[in-house]
Amino acid sequence: MELMKFLDTKLVDCLDRYSSTQESVGSNLLKVLNKLENAEIIIPVLGTQGMGKSTLINGLLRENILPNDADETTCVPVEVKFGTEECAKVHFFDKTEVITVHTREELNEYVDNNYNPANEKHVANIELFRNNKMLENGLVIVDLPGVGSLTKENENTTKKYVENLCSAIFVIPTVPTIRKKEALFIKSLWSQFSKAIFVQNDWGETQAEKQESIEFNNKVLRDIAEELHNPYDNEIIIVNAYNAISGALRKDEKMFSDSNIMTLYDKIMQLSDNWETERKKVLVSRLRMSIECSKAFIQQKLAEIGKTREEILLAARSERYLLPQVVR
């Protein structure tokens, strides 16, 4: 592959050294390129705790399989993938034994923080196999613990889902809108993807509230995209995930359709169907973004030459993503 020749040792070292993060940007990119041929189509669902990520996935599957009640919190990564034999396989950090379960009640014992507080059972990840058409071509949707609910062990496990060449679904808040915590979270992870789908869960807000939130959240996302040199199409999909799963279970097609879940479904399938032809484009975009970020880091360090520590800290505080008008 031509990109393998372009991403030589000197460029890898340069990207690793001149990065504003703790990550080895160049080395991670090289790993992605090396395993590209066998890469699954991984789409993690990301968001802060309580955004309704599990409910959203249930709606897409038309099945109430992942824990999603008000007091339930996903505490371990769950990979939803295709399988004609519907079951879940539980993998652990500290043992090779794999446990197979078949019902939601059994699954809750490992996924739900109420039954597995702070992941005391040391579950590394769970593979949930469903005989669902959406997953037939190798698509893997990953339900990840929300920000604020990750244990230290799960942080390392979660990283592997953003190191792969993939897209992601970000579930963002409607009311209140994106705040500083969410903005910093989006910025830290969106840099790993050249493509992302943004979804707001409809929890019964008024039309005016939803419209105002879309306008504000779009502005925040445009600012973050500009800073990361990422493409952004100004599209936020509003989905009533609760109505989607309720409509599916009641076989109420109008309720299901009105939830707007199919807009998200179509977007995911479009990404999945075109993945083979898009992969090189995505990688080129990610490489370009990495180079731009390294350039910005070097320029920042050059600008700091001769400045006092106080002047450098003052400049850092004026970063766009920290300004009150961007996040509140």
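Scroll up for the structure.
What counts, and where the lines are drawn
Residues numbered from 1 in each chain as written. Predicted model: local features only at pLDDT ≥ 70, side-chain atom pairs only at ≥ 80, totals over all residues. Heavy atoms only, no water. Axes fitted to C-alpha atoms, helices over the stretch in contact; angles between N-to-C directions. Helix = DSSP H or I, 4+ residues; strand = E, 2+ residues; numbered from the N terminus. Left-handed = near helix turned anticlockwise from the far one by under 90°. Contact = heavy atoms within 4.5 Å. Buried < 20%, exposed > 50% of the residue type's maximum accessible area, 1.4 Å probe, protein only. Core = buried A, V, L, I, M, F, W, Y, C linked by side-chain atoms within 4.5 Å. Phe/Tyr/Trp six-rings, centres within 6.5 Å; stacked < 30°, edge-to-face > 60°. Lys NZ or Arg CZ within 6 Å of the ring centre and 35° of its normal.

A look at the packing of helix H7 (residues 180-190) against helix H8 (residues 207-228)
Okay, so step 1: The contact between H7 and H8 brings their axes to 10 Å, and the two run at 35°. The chirality of how H7 crosses H8 is right-handed. Counting all contacts with H7, which are made through Ala183, Ile186, Lys187 and Trp190, the residues of H8 involved are Val220, Leu221, Ile224, Ala225, Glu227 and Leu228.

Considering unusual backbone geometry
Glycine aside, negative phi is the norm for most residues, and most peptide bonds take the trans geometry.
Okay, so step 1: Following Val175, the chain continues into Pro176 via a peptide bond in cis, with omega recorded as -5°.
Okay, so step 2: Tracing the backbone shows Pro176 in the loop between strand E7 (168-172) and H7.
Okay, so step 3: In this structure, Arg62 takes a positive phi of about 60° despite not being glycine.
Okay, so step 4: Looking at the secondary structure, you find Arg62 in the loop between helix H4 (53-61) and strand E2 (78-82).
Okay, so step 5: Look at Asn119: it is not a glycine, yet its phi comes out positive at around 55°.
Okay, so step 6: By the element assignment, Asn119 lies in the loop between helix H5 (104-111) and strand E5 (123-130).
Okay, so step 7: The class of Asn119 is buried, set by a relative accessible area of 2%.

Description of the nonpolar core
Okay, so step 1: Among the nonpolar cores identified, the biggest contains 45 residues, and Leu56, Leu107, Ile126, Met134, Ile169 and Leu264 are the most heavily contacted of them.
Okay, so step 2: Among the elements that take part in this core, helix H11 (residues 261-273) stands out by supplying six residues, more than any other.
Okay, so step 3: Filtering out sequence-adjacent residues up to four positions away, Ile169 remains in contact with Ile43, Pro44, Val45, Leu46, Leu56, Ile197, Val199, Leu264 and Ile268.

Regarding the packing of aromatic side chains
Okay, so step 1: In this structure the tally under the stated criterion is six aromatic pairs.
Okay, so step 2: Connected via pairs of aromatic rings, a cluster forms that spans Phe170, Phe185, Trp190, Phe198 and Tyr232.
Okay, so step 3: In this structure, Arg62 packs its charged tip against the face of Phe256, placed 3.7 Å from the ring centre.
Okay, so step 4: Looking at Lys95, its charged tip hangs above the ring of Phe92, at a distance of 4.4 Å from the centre.

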